[in-house]
Amino acid sequence: RSLVVRRPNVTKYTYVKLDELKDQTVVSLYGVVVFFKQPFKSRGTDFCSSLKITDQSNLKIVCTIFCDKLENHPKIFQIGDIIRLHRVKVHSMTLLNTHGFSVVTFDGAVGGPVEPRASSLHFHFDKEDRRIVKELRSWAATQTLRPPLPTIPLSAVQPRTYFDLTCQLLSKAVIDSTCTLLRVWDGTRCSRPLLRVIVERSSVEGPSSFSRQKENLIANVLVYDNHVMVARELKPGDFLRIYNLRAIPGASKVPGLTSNQLEDQDHLAFHLHGGTAYGRGIRVLAPELHPKWELYARKEAKLVCRGEPDTSGGGDAVQTSKL
DNA sequence: TTAGGATTAG
């Protein structure tokens, strides 16, 4: 058998604009993400990614991706991300992945590095892609598509609001078949006292307790229903983005205290309700997306430590990324 | 095939 020497990939892709879509054709295109859901389990055999994209034509087009492998789904982290789709089929003005489908995404920030986040092992990427990404970024910047802040830190969370949280998982515990507790932090201190959740030591994965100082920074996130199976795959230490999390004031259930004690009435708990409305879900952040927490975590730490004797920290230091 | 954005109700 002779060795086949491949020429460098010279495939030329033609990208169409969203106002050039013709029904039942297979196309490749670029867009800016204006809505997205992280992949969720469908009633069939696949995971489903549901998104809406736009481009300079200003049309907004729905795109649905069915794929049984999570890693083949688009790596979208926030509104404004740039997406490149290869081989999607136009179905009455919506897009569906078709045979040979592949996807690459990019951060949407003007001036940032153009780093492809591919969902397949091999993918085409050249100068022309770089140019298109930059062009779309510049255009999107004039459209007020991106949220003013990518996520809200714990220190800025308001009761009864929905928000996206970027955080690190410290430990987790299965509560029951429909609920899992995630204990997370982002290095900032919530302006409200945080709800305590008491669980059996044996059900905890990861450390079952932390220094008092650290406990004050830890948010208890209760995730329900469809999110329980996602939570099962999470490992203590993972950096997460939790979408459409809700801050709920309530009373701590601490043994020996009655729940109607005044000081217990306003503690914040965090609920990730069942369903995928408003993009609700959890995503593990790849290393290149880990937050640059070092600076503000340290600044916050000073505030936290003021007046507290226990500042040892020990092995509890925030694990931060190299970036 | 599946979903088809559009808050749980713990």
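You'll find chain A entered in an unreviewed UniProt entry as Protection of telomeres protein 1, with Cynoglossus semilaevis given as the organism. Its UniProt record, at the heading Sequence similarities (unreviewed entry), says of chain A: "Belongs to the telombin family."

Let us look at the overall build of chain A. Along chain A, the regular secondary structure elements total four helices and 14 strands. Per-residue burial for chain A yields a buried fraction of 45% across its 323 residues. Here the contacts in chain A between residues at least 6 apart in sequence split such that 70% fall between residues at least 24 apart. Here chain A has roughly 17400 Å² of accessible surface; of this, 55% comes from carbon and sulfur atoms.

We now examine the protein's contact with DNA strand B. Around DNA strand B there are 23 residues in total, and Asn244, Arg246, His273, Gly274 and Arg280 lie nearest to it. Close to the protein, within 4 Å, the atoms of DNA strand B are drawn from sugar and phosphate at a rate of 35%. A distance of 2.8 Å separates a base oxygen of DNA strand B from a polar side-chain atom of Ser42. A distance of 2.9 Å is found between a base nitrogen of DNA strand B and a side-chain nitrogen or oxygen belonging to His273. Looking at the surface near DNA strand B, the elements that each hand over two or more residues are strand 2 (26-41), strand 3 (47-54), strand 4 (60-67) and strand 12 (239-250). The element best represented in the surface near DNA strand B is strand 2, accounting for three residues. Taken together, the residues of the surface near DNA strand B break down into eight nonpolar, eight polar and seven charged.

Another point: helix 1 (residues 127-141). End to end, helix 1 covers 21 Å across 15 residues, agreeing with the expected 21 Å (1.5 Å per residue, within 8%). The inward-facing, buried residues of helix 1 contact strand 1 (15-16), strand 2, strand 3, strand 5 (82-91) and strand 6 (94-106). One side-chain oxygen of the residue at the start of helix 1 lies 2.9 Å from the amide nitrogen of Glu128, identifying that residue as Asp126.

Attention now goes to the pattern of salt bridges. Counted according to the given criterion, the structure contains six salt bridges. In this structure, Arg131 and Glu135 form a salt bridge, with 2.8 Å as the shortest nitrogen-oxygen distance. With Arg131 and Glu135 both in helix 1 and four residues apart, the pair spans about one turn of that helix. The class for Arg131 is partly exposed, based on a relative accessible area of 40%.

Now for the UniProt feature "domain: Telomeric single stranded DNA binding POT1/Cdc13" (unreviewed entry) in chain A. The feature "domain: Telomeric single stranded DNA binding POT1/Cdc13" (unreviewed entry), as given by UniProt, occupies residues 15-141 in the numbering adopted here. Along residues 15-141, the helical share is 12% and the strand share 46%, with 21 Å between the first and last C-alpha atoms.

What counts, and where the lines are drawn
- Residues numbered from 1 in each chain as written.
- Chains lettered and ligands numbered in written order.
- Predicted model: local features only at pLDDT ≥ 70, side-chain atom pairs only at ≥ 80, totals over all residues.
- Heavy atoms only, no water.
- UniProt positions renumbered as here; feature names shortened; annotations may be inferred.
- Helix = DSSP H or I, 4+ residues; strand = E, 2+ residues; numbered from the N terminus.
- Buried < 20%, exposed > 50% of the residue type's maximum accessible area, 1.4 Å probe, protein only.
- Contact = heavy atoms within 4.5 Å.
- Areas by Shrake-Rupley, 256 points an atom, 1.4 Å probe, with all protein chains shown as cover.
- Near = heavy atom within 4 Å.
- Polar contact = N/O pair within 3.5 Å; in protein donor to acceptor, adjacent residues only side chain to side chain.
- Nonpolar A, V, L, I, M, F, W, Y, C, P; charged D, E, K, R; others polar.
- Expected span 1.5 Å × (residues − 1).
- Salt bridge = Lys/Arg side-chain N within 4 Å of Asp/Glu carboxyl O.

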